[in-house]
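# Coordinates in review
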Amino acid sequence: MIITNVNLVLANETVKGSIEVKEGVIASFSDNSSQLSQALDAEGAWLMPGFVELHTDNLDKFFTPRPKVDWPAHSAMSSHDALMVASGITTVLDAIGVGDVRDGGHRLDNLQKMIDAVINSQKAGLNRAEHRLHLRCELPHETTLPLFEQLMTQSGVSLVSLMDHSPGQRQFSTPQKYREYYQGKYQLNDQEMEAFQHEQMENSRRWAQPNRIAIAAHCRERGIALASHDDATAAHVLESRALGSVIAEFPTTEEAARASRAEGLQVLMGAPNIVRGGSHSGNVAAKDLASLGLLDILSSDYYPASLLDAVFRIAKDDSNALTLPQAVALVTRNPAQALGLEDRGVIAEGKRADLLLARAHDPHHYVQNHYVQNVWRQGIQIF
């Protein structure tokens, strides 16, 4: 396969030229146009590595499209996979919630159904993107550790994150934000919300720390990458680093982001935070961390299409010094390297031909108007 007349987004620069792919890997590229008749004319579109997504909750939406509706696994997985590739994502870690009581994370049958769908469809070659597993461990519950111990041996588990969404700390340091979020999510009246809040605080006091220590120990023993979640203070970060974390997911303050960088953790923030211009929980804005040079990885979190949009917004934002290649690295090279996936995430000879062709709806508007035109995984067109 040859693509010509294309803007190649390389590791440190953009070059207009052509690229050749053989047997699933990048064979060569140059700043010259190809004259071969079989070459695909990209007409000046942007070619970048396929996106590497470390944290998406998107799978849940297809398995449970409405409350109490369980969708057939094959159909749910196929639809989820289609949305991933349509968003330019060629490697995805599907986040599975362990220990989230109200969302079914305390029942092994629900979790195993989703995990089996991810693993079996990947083994059978049914997926267009490459799917792996991210276990999101909600620490304040008695079922979290035993469930994790049953699931940690599953093939494809590439990342584990440690979460505590109880009120009064981390993501929800402001009680009012906690009430707004969960009353809206679960449709609770004031009395129900009060009981739910009390239960969560008591569970956190009893279970969060023992579970945090035990799960981290399992991850170190098994060589599974570990991520902290919603660290708010330097003390949180020091604890996360001592437990073996390599990624800081969604630090809620500049203090925590600075401490994470100082301790060698990769700072991961949500691409929706970039697109919306701030955090829906009232925490630090991802664009502010980008302007401070404290942003390493972007995740689509709850909205897959946000990755491409966020990349061009960051590259155009005058408040930071990120070039387009540096912005693209936030969703390609950096997350790949955080997991030790050295075969992808960059356009270079010998690397996997996981590629995304992005085009502007209106070439005169650099931001907000780009869309995914084509996607290849290992040289095979999947979108």
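Reading guide: rules and limits
- Residues numbered from 1 in each chain as written.
- Predicted model: local features only at pLDDT ≥ 70, side-chain atom pairs only at ≥ 80, totals over all residues.
- Heavy atoms only, no water.
- Helix = DSSP H or I, 4+ residues; strand = E, 2+ residues; numbered from the N terminus.
- Buried < 20%, exposed > 50% of the residue type's maximum accessible area, 1.4 Å probe, protein only.
- Contact = heavy atoms within 4.5 Å.
- Areas by Shrake-Rupley, 256 points an atom, 1.4 Å probe, with all protein chains shown as cover.
- Core = buried A, V, L, I, M, F, W, Y, C linked by side-chain atoms within 4.5 Å.
- Pairing = 2+ DSSP bridges.
- Axes fitted to C-alpha atoms, helices over the stretch in contact; angles between N-to-C directions.
- Disulfide = S-S within 2.5 Å.

Identification of the protein as Alpha-D-ribose 1-methylphosphonate 5-triphosphate diphosphatase from Rouxiella chamberiensis is taken from an unreviewed UniProt entry.

### Quick look at the overall build of the protein
Secondary structure summary: the protein contains 13 helices and 16 strands in total. Among the 383 residues that make up the protein, the fraction classed as buried is 55%. A separation of at least 24 residues holds for 66% of the contacts in the protein among residues at least 6 apart in sequence. Accessible surface computed for the protein: about 16300 Å², of which carbon and sulfur atoms make up 48%.

### Digging into the nonpolar core
Ranked by internal contacts, the top residues of the largest apolar core, which has 39 residues, are Met48, Phe51, Met269, Leu298, Leu308, Ile314 and Leu324. Counting residues in hydrophobic clusters, the runner-up holds 31 residues, among them Val118, Leu133, Val157 and Leu243.

### Some points on the sheet that holds strand 11 (residues 247-249)
Taking strand neighbours across the sheet as the criterion, the eight strands line up as 6-7-8-9-10-11-12-13 in an open arrangement whose pairing is parallel. The sheet is open, and its two edges are formed by strand 6 (51-56) and strand 13 (297-299), each paired on a single side. The average undirected angle you get between the axes of adjacent strands in this sheet is 25°. In the sheet, strand 11 pairs with strand 12 (residues 266-270) via three bridges, with the strands oriented parallel. Paired with Ala248 across the two strands is Val267, which belongs to strand 12. Set on the sheet, helix 6 (residues 190-222) makes contact with strand 8 (130-138), strand 9 (157-163) and strand 10 (225-229); between it and strand 9 the angle comes to about 165°.

### A look at the state of the cysteines
Scanning the entire structure with this criterion turns up zero disulfides. Here Cys219 is not cross-linked by a disulfide; its sulfur's nearest cysteine counterpart is in Cys137, at 7.0 Å. With relative accessibility at 1%, the residue Cys219 sits in the buried group.

### Topic: the side chain of Asn334
Looking at the secondary structure, you find Asn334 in helix 13 (residues 333-338). Of the residues examined, Asn334 reaches a relative accessible area of 15% and is grouped as buried. Not counting residues up to four positions away in its chain, the partners in contact with Asn334 are Gln266, Asp296, Ile297 and Ala329.

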